[in-house]
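Coordinate inspection notes
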Amino acid sequence: MPTRDTVDQRRLVGVHAERITDVSSTDYPGHYHGEDHSWNLKTFKKRLSQRSIDFDLIGVDASIANAFRRILIAEVPTVAIEHVYVWDNTTVIQDEVLAHRMGLVPLNIDPDLLELRDPGADPTDRNTVVFKVKILCERLPNPPKGSVNPSELYKNHELLSSHLSWEPAGEQQQVFESFVPAAINSNIVLAKLRPGQAVDMELHAIKGVGKDHAKFSPVATASYRLLPHINIKQPIPPHLAEKFQKCFSPGVVNVDSRTKKVSIDQFNVRNDTVSREVLRHPEFADMVELGRVRDHFLFNIESEGPYAPERLLLEAIKIMRGKVSVLRKAAETLLSGEDDDVQMADA
């Protein structure tokens, strides 16, 4: 996570004992002398998240949309730490808890480069990636007088995800030549140490799916909602236009500044929460109709693994097609009257 030192001070909201400050955005033209904050496509692209994506899925039944959501969460494979061998751990965190934390660290390993490891099978360079962790906390010589900052007093005072050191085996040096297997976020704090405390572990990462354990889930969130629909049945009286506008999320309702004519923004209507606030006011009872489009799904996917967010849906579709293929084969076998048992294995 970014610290205060790495975040632009202009983006911070001040939290004080009795008040909150700097709540309004200042990145608009004319606020800072000599600085141009007009909208710029290149600047906008730099601010886009590389970990999440929004898209619309239109014209399908809710069962299909929900199937994609469930596959994204539970069946798209990733690589995570499964076996932890603790040689030394003198921190205050128990071995089991520390091993669990290790398993939840997202890794940057493309699952397509590894094979699934069968239960009880021996680890090989084709199904297992090995990491090692070995650190010792020591006092730093000549620390600043009166300092209470651990980073000024001790060496290795935190066990971070960046301490995971990849140990290549077999052909892995060639397989992973384009990148070094490591944690996606190198600043995850796994344990805190003090002088004399040490950690020495060997970690085996394997390929798995979220339905076996949540650590294998490639997404932080995968959700959808139906597109809101707002139909103005009767013209809104000009003296009620602003009151009507405030019943909806910002940007959903447009009010002409001159004529006070009310209209629905067909793009920003997706931002409405359908709170039904407008229906609480009797003066609007017969003027507006609320609804949601049954087959228009607004998806949001946040990747927390090696996949680019736009690739996740394609992986889910690939798995869905495999399931359909298995079901089709089973149906054809049953219709043909064959006596052989149909093998309904995971697709």
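Looking at the nonpolar core
Leu98, Met102, Leu107, Phe131, Leu159 and Leu164 are the most contacted members of the largest nonpolar core, which has 28 residues in total. Those elements that provide at least two residues to this core are β4 (78-89), α3 (95-103), β5 (129-136), β10 (189-192) and β11 (198-208). Sequence-distant contacts of Phe131, that is, excluding residues within four places in its chain, are made with Leu107, Ile109, Leu164, Ser165, Trp166, Pro181, Ala182, Met201, Glu202, Leu203 and Ala205.

Details of the packing of helix α2 (residues 62-74) against helix α7 (residues 309-336)
Interaxial distance between α2 and α7 falls to 9 Å at its minimum, and their mutual angle equals 110°. Overall, the two elements α2 and α7 adopt an arrangement that is roughly perpendicular. Facing Ile64, Ala67, Phe68, Ile71 and Leu72 of α2, the residues of α7 in contact are Leu312, Leu313, Ala316, Ile317, Ile319, Met320 and Lys323. Here the contact of α2 with α7 is built from residues that sort into eleven nonpolar, no polar and one charged.

Overview of the environment of Ala62
Looking at where Ala62 falls in the secondary structure, it is placed in helix α2. A relative accessible area of 38% places Ala62 in the partly exposed class. Spatially, the C-alpha atoms of Ala62 and Phe297 are 8.4 Å apart, while their sequence positions differ by 235 residues. When residues no more than four places from it in sequence are discounted, the contact partners of Ala62 are Tyr224 and Phe297.

A word on empty space enclosed by the protein
Enumeration according to the criterion identifies one cavity of 30 Å³ or more in this entry. Taken together, Cys247, Phe248, Asp272, Val274, Ser275, Arg276, Glu277, Val278 and Leu290 make up the full set of residues lining the largest cavity. Residues belonging to the lining of the largest cavity are distributed by class as follows: five nonpolar, one polar and three charged.

Things to note about unusual backbone geometry
The phi dihedral of Asn142 falls on the positive side, at around 55°, and the residue is not glycine. Residue placement: Asn142 occurs in the loop between β6 (138-139) and α4 (150-153). The residue Asn156 is not glycine, and still its phi comes out positive at about 60°. Topologically, Asn156 is positioned in the loop between β7 (154-155) and β8 (158-160).

What counts and how
Residues numbered from 1 in each chain as written. Predicted model: local features only at pLDDT ≥ 70, side-chain atom pairs only at ≥ 80, totals over all residues. Heavy atoms only, no water. Core = buried A, V, L, I, M, F, W, Y, C linked by side-chain atoms within 4.5 Å. Buried < 20%, exposed > 50% of the residue type's maximum accessible area, 1.4 Å probe, protein only. Helix = DSSP H or I, 4+ residues; strand = E, 2+ residues; numbered from the N terminus. Contact = heavy atoms within 4.5 Å. Axes fitted to C-alpha atoms, helices over the stretch in contact; angles between N-to-C directions. Parallel < 35°, antiparallel > 145°, perpendicular 65-115°, else oblique. Nonpolar A, V, L, I, M, F, W, Y, C, P; charged D, E, K, R; others polar. 1 Å grid on protein atoms, 1.4 Å probe; cavity = no way out; pocket = protein on both sides within 12 Å on 5 of 7 lines; lining within 4 Å. Points joined across faces, edges and corners; volume = space filled by probe spheres on them.

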